[in-house]
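# A closer look at the structure
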Amino acid sequence: MITLKDITKIYKNGPLEVQALMPLNLSIEKGEFVAIMGSSGSGKSTLMNIIGCLDVPTAGSYELDGQQVQELSEEELAKVRNRKIGFVFQSFNLLARQTVLQNVTLPLMYAGTSREQRNARALELLGKVGLAERVKHRPNELSGGQKQRVAIARALTMNAPILLADEPTGNLDTKSSHEIMALFKEIHAEGTTIVLVTHEPDIAEHAERIITFGDGKVLSDVRKGSGRT
Ligand code: ADP
Ligand code: ADP
């Protein structure tokens, strides 16, 4: 699903250069649930931005669901981001003036789906994440855990095969965090490939594979035996 070959990333700010990713080789298969750990500055966000096609590597090749990403035009990339990847962030990134329902229908608006179909899909997903009673609320009327459920519903709207989550529990209390992880597990069980960044070992434990980063390199890559929960 995701194959990174000799990926490097160098940030240049005038004369300053930071190499955020050393030549990195990493494969994530369809249906995996991966947690990325590592100290601050180790390159996790850089990697997520590259996987999410939000940023381009300095060198190397990236194959996503059978497509060579570096060969795509801007327009094709935008389409890949919309169709192939759902994003979930630490700060939820919901539109404050829009209702829960409207927030979830947004990706379908961009895709040109009819209003009726958009609403039907959003209601289905909001039911799935346990927010059927909150569709007309605005984000500021929800708890943190509920906001993240809205963001997850939005990330699922397009039926993308990959879900990328950058510190999705970073702003949540322990109980909400584990509820959100339970929801990710459900989504994973239905076949979605999940890549999640976290600095909390308790959260990473929910994944099937834990990759630890340090200084732009993979320090360890551990797969759990299947069937463990
Ligand atoms: P993490 O997500 O693990 O905290 P990052 O990927 O954000 O790590 O950062 C990796 C390295 O790249 C760090 O040294 C960071 O300072 C540097 N870096 C990240 N983004 C930029 C940028 N836009 N410009 C310059 N340096 C950056
Ligand atoms: P959590 O522990 O998940 O962060 P909270 O303690 O913040 O939850 O919220 C508990 C309940 O109160 C939730 O069901 C939420 O819907 C409701 N709630 C929280 N903030 C608001 C608000 N500003 N307006 C309406 N309901 C709220």
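Quick caveat: nothing in here was measured; it's all calculated off a predicted structure.

The subject of this paragraph is the site of ligand 1. Around ligand 1, the structure places Y11, N13, V18, A20, S39, S40, G41, S42, G43, K44, S45 and T46. G41 places a polar main-chain atom, nitrogen or oxygen, 2.7 Å from an oxygen atom of ligand 1. Taking 560 Å² as the accessible area of ligand 1 by itself, protein coverage stands at 64%. Of all the secondary structure elements, the ones that give two or more residues to the shell around ligand 1 are β1 (2–13), β2 (16–28) and α1 (44–51). In terms of residues, the shell around ligand 1 owes the most to one element, α1, which gives three residues. Here the residues of the shell around ligand 1 sort into three nonpolar, eight polar and one charged.

This part takes up the packing of helix α5 (residues 144–156) against helix α6 (residues 174–189). Axis separation between α5 and α6 bottoms out at 10 Å; the angle between their running directions is 20°. Taken together, the axes of α5 and α6 are roughly parallel relative to one another. Note on packing geometry: the crossing formed by α5 with α6 is right-handed. Contacts between α5 and α6 involve G145, Q148, R149, I152 and L156 on the former and, on the latter, S176, E179, I180, L183, F184 and I187. By residue class, the composition of the contact of α5 with α6 is six nonpolar, three polar and two charged.

This next bit is on the domain arrangement of the protein. Structurally, the protein comprises domain 1 (2–84 + 160–228) and domain 2 (94–158). Contacts between domain 1 and domain 2 engage 13 residues on the former and 12 residues on the latter. For the pair domain 1 and domain 2, the summed buried surface comes to about 1,200 Å²; carbon and sulfur atoms form 62% of the total. Looking at the side of domain 1 facing domain 2, the largest losses of area belong to N82, I180 and L183, adding up to 36% of the total buried there. At the surface where domain 1 touches domain 2, the tally comes to two salt bridges.

Calculation rules
- Residues numbered from 1 in each chain as written.
- Chains lettered and ligands numbered in written order.
- Predicted model: local features only at pLDDT ≥ 70, side-chain atom pairs only at ≥ 80, totals over all residues.
- Heavy atoms only, no water.
- Near = heavy atom within 4 Å.
- Polar contact = N/O pair within 3.5 Å; in protein donor to acceptor, adjacent residues only side chain to side chain.
- Areas by Shrake-Rupley, 256 points an atom, 1.4 Å probe, with all protein chains shown as cover.
- Helix = DSSP H or I, 4+ residues; strand = E, 2+ residues; numbered from the N terminus.
- Nonpolar A, V, L, I, M, F, W, Y, C, P; charged D, E, K, R; others polar.
- Axes fitted to C-alpha atoms, helices over the stretch in contact; angles between N-to-C directions.
- Parallel < 35°, antiparallel > 145°, perpendicular 65-115°, else oblique.
- Left-handed = near helix turned anticlockwise from the far one by under 90°.
- Contact = heavy atoms within 4.5 Å.
- Domains from an automatic or database assignment.
- Buried area = accessible area lost by both parts, 1.4 Å probe.
- Salt bridge = Lys/Arg side-chain N within 4 Å of Asp/Glu carboxyl O.

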